[in-house]
Amino acid sequence: MVEVPNSFIALLNRIIQLAICTYIALYIVWYERGYQEFQEPRGTSVIKVKGVTLVHVKIPSSLAVNYPPIVWDTADYGIPPLENNAFFIATRQIVTYDQTEGRCPSALKSKLYCRETSNRCRAGKATPSTFGFLTGNCVPSRENTSINVCEINGWCPEELSASEDYQIGIDDLNNFTIFLKTSVTFQRFNIHLRNLRDDTNFSCRYHSIRDSRCPIFRLGDILDKFQTNILALLSEGGVIEIEQKWTCNFDYDK
Amino acid sequence: MVEVPNSFIALLNRIIQLAICTYIALYIVWYERGYQEFQEPRGTSVIKVKGVTLVHVKIPSSLAVNYPPIVWDTADYGIPPLENNAFFIATRQIVTYDQTEGRCPSALKSKLYCRETSNRCRAGKATPSTFGFLTGNCVPSRENTSINVCEINGWCPEELSASEDYQIGIDDLNNFTIFLKTSVTFQRFNIHLRNLRDDTNFSCRYHSIRDSRCPIFRLGDILDKFQTNILALLSEGGVIEIEQKWTCNFDYDK
Amino acid sequence: MVEVPNSFIALLNRIIQLAICTYIALYIVWYERGYQEFQEPRGTSVIKVKGVTLVHVKIPSSLAVNYPPIVWDTADYGIPPLENNAFFIATRQIVTYDQTEGRCPSALKSKLYCRETSNRCRAGKATPSTFGFLTGNCVPSRENTSINVCEINGWCPEELSASEDYQIGIDDLNNFTIFLKTSVTFQRFNIHLRNLRDDTNFSCRYHSIRDSRCPIFRLGDILDKFQTNILALLSEGGVIEIEQKWTCNFDYDK
């Protein structure tokens, strides 16, 4: 038998045991709720965007600047019309009308300059813009006939040389509404929850204090939260993550 | 040295130790399999819907009721044609033909009534339906020329005033088939599984008892499981979650 | 008091205690980093595919074989144009032009043969191909007028009897590039990471050794890794999972 006749060590032993018990009781059980099971829920959101907007038209290859604005609704900017857990607003669209498969000069932006005497357009090579293949010919540019560029085989006229530019106005965009329908499953506890209830008011607008249960968000309220250049976001695009926190304690009744 | 010459406390001490060891051995190790690592798998499903259906046409703004039904196949109701981990069946479609950008009376449903003498249509305001902007004019309704409504600037004629209503028949829908291709990854164990095998029979129909390995489901069998109003589901829409459970024990050979 | 005057058992007791402490210190704390919290991150990828390709045209119902190839760019093969965490390249498309709703003979592939004298075409039954409903009539085939087949009511002419087959060439496909923009969230640690940095070079191509930080992948490099029949993959389709590993230790500075 090993005997350690030292009351200081024995006391230290008990103090350490007490500290461990206190740690388990207070921190793990009471503070971290170690007696509970945890599970991150899985959820699905269906999202509807509503709003109508005036769209400004710019035609880069044209000198005129005063095109009348046109009207877009959800069917125009919601591409694709329906997504799971996501929505897409096409705030800017660059459209090239009346394209057909064929041969045409490449755009000046591609910088595929050439001279008819010393032709550098290698037939069969893809253009850097990946809009077509070089035919090997050197032809006058569509935008400026005094400059010669490589001819391409693809959808003509080329997008960069003859497109129209549509952009949603920021004021209309701020008034778009986003309707969020979410259902959440805690599989381990066999519990299914939804953000819509029978008494949900569908004419409300979400506000973090005044109406925190409202499922309809104003897009401007979301954009206001960002420290970013909103105009650049509208013309260049970006990805916004909307996080929904469902922290639930099922030891109480819902 | 601390001595407690009490055999009852010593015995109690051993009993508690034995209880803890038994709890670890029986509950944690044997029942909960605490010696095993767990991981929720990640999976991807590609889903194909097949089926052909007769579609009933209703034109709300017309008095005639006997339009001949038309035929829809996957390309008509599968929107978008391909999704990851999801599929969408457009059981009801409301289509407005021959819309162009312009000016037209708002729909009666929007209740934007006005009088030419006291015009309440504020020019530039978006309509509540978000289908256009008010022009400020007061014009006779398209549906009932004796009523005056606000004129809008947008896609004309307005959707609510001149649309056709297509709805899939419930009997045809029940016979649609859903083909589920799933691959699952348990990354921590470097194991990849699929629901299709080399001997999978592709002319089967899933049945929980008779054919539980079949990857092809009859939509009617899925809809039968719900305690809900199927006709309301078809005309108003809904989200159905299909959960695939992959509970595998890799301590045995697959 | 329970006394066990056996120095062997006492020594064994201390050795076991030492083993447990060593196991905790070395394996759990040092090797498994048990003092750290772990979380699997959630991430979102936006993916852009670029590339131009020559497409070979085959018309199964025609005898001619020498159609000139046409050119496809991203708008032709990227269906849908934008997806979250995924991209789709339609390497093969079977297109049936000029279809209208109506009545036409079924395709020979469907094997719905009949004789006008003993008509086996049950009116109202869906065809196995789910392209239409049988009308009950027996008519000469569109592909071979000497054979009689059941007539169908659906989109005409039927897809299997009059379609054109487009397939992307493997050499062009190998040169497609995939641009991966990923942002990752470790929610528990409130850390957000991206694969793009301010100094990212956008004209690079990923290489596991030479350029492992490049966000642009050559599709051919990805396809080369598979032990599969690439031509079958192009003509029949398949699902490729791209796994991004974000194993980060936030005890150090990023």
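In this text the structure is predicted, and so the values were computed from the model without any measurement. Each chain carries its own residue numbering, running from 1 in the direction its sequence is written. To read the labels, note that chains go from A and ligands from 1, taken in the order they are written. Residue-level local features of this predicted model are given only where pLDDT is at least 70; pairs of side-chain atoms are given and counted only at 80 or more, and the full residue set underlies all totals for whole chains, interfaces and linings. Side-chain numbers here rest on the full set of heavy atoms in the structure, without hydrogens or water.

S.K.: Help me out: how do you make sense of the overall build of chain A in this one?
M.R.: Counting from the N terminus, the helices are DSSP H or I runs at least four residues long and the strands are E runs at least two residues long. From N to C terminus, chain A includes 5 helices and 11 strands. For a compact globule the rule gives 2.2 Å times the number of residues to the power 0.38, and the radius of gyration it is set against comes from C-alpha atoms. Its C-alpha atoms give chain A a radius of gyration of 32 Å, more than 25% over the compact-globule value 18 Å for 254 residues. Each residue gets one of three labels from its accessible area relative to the maximum for its type: buried under 20%, exposed over 50%, partly exposed in between, using a 1.4 Å probe on protein chains only. A burial count over chain A gives 37% of its 254 residues as buried. Restricting to contacts in chain A with at least 6 residues of sequence separation, those with at least 24 account for 65%. All accessible areas in this document rest on Shrake-Rupley with a 1.4 Å probe, and a residue is counted as covered only by the protein chains that are shown. Of the accessible surface of chain A, which amounts to about 16600 Å², a share of 54% is contributed by carbon and sulfur atoms. Here chain A holds 26 positive side-chain charges and 28 negative ones, and the gap between their average locations is 2 Å. Note on definitions: a residue-residue contact is assigned when non-hydrogen atoms from the two residues lie within 4.5 Å. Asp and Glu count as negative and Lys and Arg as positive, but His and the ends of the chain are not part of the count. The location of each charge is read from NZ of Lys, CZ of Arg, CG of Asp or CD of Glu.

S.K.: Help me understand the interface of chain B and chain A, please; the structure alone is not making it clear to me.
M.R.: For interface size, the figure often reported is the accessible area lost on association. Counting from both sides, the interface comprises 21 residues of chain B and, opposite them, 26 residues of chain A. Buried surface at the junction of chain B and chain A, both sides included, amounts to about 1800 Å², of which 56% is carbon and sulfur. Put simply, a salt bridge is a Lys or Arg side-chain nitrogen that is within 4 Å of an Asp or Glu carboxyl oxygen. On the surface where chain B and chain A come into contact, there are 2 salt bridges. Under this definition, polar contacts are N or O atom pairs within 3.5 Å; protein pairs additionally need one hydrogen-donor-capable and one acceptor-capable atom, and for neighbouring residues in sequence, both atoms have to be side-chain atoms. Where chain B meets chain A, there are 5 residue pairs in polar contact (both at pLDDT 80 or more). Elements supplying a minimum of two residues to the side of chain B that touches chain A: β6 (132–140) and β7 (148–156) of chain B. At 3 residues, the largest contribution of residues to the side of chain B that touches chain A is made by β7(B). Grouping the amino acids of the side of chain B that touches chain A by side-chain chemistry returns 10 nonpolar, 5 polar and 6 charged. Computed with a 1.4 Å rolling probe, the buried area is the accessible surface lost when two parts are put together, summed over both parts. Gly is put with the polar residues, along with every residue not named as nonpolar or charged; the nonpolar set is Ala, Val, Leu, Ile, Met, Phe, Trp, Tyr, Cys and Pro, and the charged set is Asp, Glu, Lys and Arg.

S.K.: Is there a simple way to think about the interface of chain B and chain C in this case?
M.R.: Chain B puts 26 residues into the contact, and the matching count from chain C is 22 residues. Taken over both partners, the interface formed by chain B and chain C buries close to 1800 Å², and the fraction arising from carbon and sulfur atoms is 56%. A per-residue breakdown of the area chain B buries against chain C is headed by V52(B), V71(B) and L82(B), which together make up 28% of the total. One can count 2 salt bridges joining chain B with chain C. Note that E241(C) and R42(B) form a salt bridge whose closest N and O atoms lie 3.5 Å from each other. One can count 6 residue pairs in polar contact (both at pLDDT 80 or more) joining chain B with chain C. Where the side of chain B that touches chain C is concerned, the elements lending two or more residues are α1 (7–31), β1 (42–50), β2 (53–58) and β3 (70–72) of chain B. At 4 residues, the largest contribution of residues to the side of chain B that touches chain C is made by β1(B). A class-by-class count of the residues in the side of chain B that touches chain C yields 11 nonpolar, 9 polar and 6 charged.

S.K.: Could you clarify how one ought to interpret α1(B) in this entry?
M.R.: The periodicity of an α-helix, 3.6 residues per turn, causes residues three or four places apart in sequence to face the same way. Residue and element names in this part refer to chain B. What a helix should span is 1.5 Å times the count of its residues minus one. Helix length check: α1, at 25 residues, gives a terminal C-alpha distance of 34 Å against a target of 36 Å (1.5 Å per residue), a fit within 8%. Note that bend, as reported per residue, equals the angle between axes fitted to the 7 residues terminating at that residue and the 7 residues originating from it. A maximum bend of about 25° is found in α1 at I24. Positive phi appears at R33, one or two residues downstream of α1, with a value of about 55°.

S.K.: Sorry if this is basic, but what is going on with the relation of the copies chain B and chain C here?
M.R.: Aligned on chain C, chain B shows an RMSD of 0.1 Å; the corresponding rotation is 120° and the shift along the axis is 0.0 Å. A rotation of that kind, with that shift, is consistent with a three-fold axis. Among all residues of chain B, the minimum C-alpha distance to the rotation axis is found for P80(B), at 4.5 Å. When the interface residues of chain B are mapped onto chain C, a mere 4% of them again lie at the interface, so each copy presents a different face. Superposition of the copies used a least-squares fit over C-alpha atoms from residues whose pLDDT is at least 70 in both.

S.K.: What's the story with the state of the cysteines in this structure? I'm lost.
M.R.: Two cysteines joined by a covalent bond between their sulfur atoms form a disulfide. Criterion for a disulfide: a pair of cysteine sulfur atoms within 2.5 Å. Under the definition given, this model contains 12 disulfides over all chains. One disulfide in the model links C204(A) with C214(A); its S-S distance is 2.0 Å. Because the torsion about its S-S bond is 90°, the bridge between C204(A) and C214(A) counts as right-handed. Here C214(A) lies in the loop between β10 (191–194) and β11 (216–218) and C204(A) lies in the loop between β10 and β11, a separation of 10 residues in the sequence. Judged by its relative accessible area of 7%, C204(A) is buried. One disulfide bridge connects C121(C) with C150(C), the sulfur atoms lying 1.9 Å from each other. What sets the handedness of the C121(C) and C150(C) disulfide is the S-S torsion sign, and at about -85° it is left-handed.

S.K.: Would you mind going over the sheet that holds strand β7 (residues 148–156) of chain A with me for this structure?
M.R.: Two modes of strand pairing occur in sheets, parallel and antiparallel, and in both the strands are linked by backbone hydrogen bonds. Residues and elements named next belong to chain A. Two strands qualify as a pair provided DSSP detects at least 2 bridges between them. Ordered by their spatial adjacency, 3 strands build an open sheet running β5-β7-β6, and the pairing between neighbours is antiparallel. Strands with a single pairing partner mark the edges of an open sheet, and in this sheet they are β5 (100–105) and β6 (132–140). Neighbour-to-neighbour, the strand axes of the sheet open up by a mean angle of 25°, direction not taken into account. Pairing of β6 with β7, which is carried by 6 bridges, proceeds in the antiparallel orientation. Axis angles are defined between N-to-C directions and span 0 to 180 degrees, where every axis is a line fitted to C-alpha atoms and, for a helix, only to the segment in contact.

S.K.: How should the packing of aromatic side chains be read in this particular structure?
M.R.: Two aromatic rings, taken as a pair, are described by how far apart their centres are and by the angle between their planes. Residues and elements named next belong to chain A. Working definition: rings of Phe, Tyr and Trp (its six-membered ring) pair if their centres are within 6.5 Å, and the pair is stacked with planes under 30 degrees apart, edge-to-face with planes over 60 apart, and tilted otherwise. Counted under the stated rule, the structure contains 18 aromatic pairs over all chains. With a centroid separation of 4.7 Å and 25° between ring planes, the pair formed by Y77 and F176 is classed as stacked. In this pair, Y77 is assigned in helix α2 (residues 74–77) and F176 in the loop between α3 (170–174) and β9 (177–186), connecting sequence segments 99 residues apart. The class of Y77 is buried, set by a relative accessible area of 0%. Every member of this aromatic cluster is reached through a ring pair, and the members are F186, F189 and F250.

S.K.: What exactly am I supposed to notice about the side chain of E83(A) here?
M.R.: Assignment of secondary structure puts E83(A) in the loop between α2 and β4 (92–95). Here E83(A) sits buried without a salt bridge, and the closest side chain of opposite charge, K181(C), lies 14 Å off (N-O distance).

S.K.: What am I meant to see in the UniProt feature "transmembrane region" (unreviewed entry) in chain A here?
M.R.: UniProt positions are given in the numbering used here, feature names are shortened, and annotations may be inferred rather than shown by experiment. In the numbering adopted here, UniProt assigns the feature "transmembrane region" (unreviewed entry) to residues 12–30 of chain A. The span residues 12–30 of chain A is 100% helical and 0% strand by assignment, and the distance between its end C-alpha atoms comes to 25 Å.

S.K.: Looking at this structure, how should I read the pattern of salt bridges?
M.R.: Close approach of charged atoms allows side chains of opposite charge to pair. If you walk through the whole model with that rule in mind, you get 18 salt bridges over all chains. For D221(A), the salt bridge is made with R218(A), and the minimal N-O distance between the two is 3.1 Å. Note on R218(A): relative accessible area 25%, which makes it partly exposed. Salt bridges sharing partners connect three or more residues here, namely R42(A), E241(B) and E243(B).

S.K.: Which parts of the structure should I look at to understand the nonpolar core?
M.R.: Most often, soluble globular proteins keep nonpolar side chains buried together rather than apart. All names here are of chain A. Within this scheme, the nonpolar core is defined by two criteria: the residues are buried Ala, Val, Leu, Ile, Met, Phe, Trp, Tyr or Cys, and they are joined through side-chain atoms within 4.5 Å. One finds Y77, I89, I168, L173, F176, I178 and L219 to be the most contacted residues of the largest nonpolar core, which totals 21 residues. Mapped by element, the contributors of at least two residues to this core are β1 (42–50), β2 (53–58), β8 (164–168), β9, α4 (219–223) and α5 (230–236). When residues no more than four places from it in sequence are discounted, the contact partners of I168 are T53, L54, V55, W72, Y77, I89, A90, T91, L173, F176 and L234.

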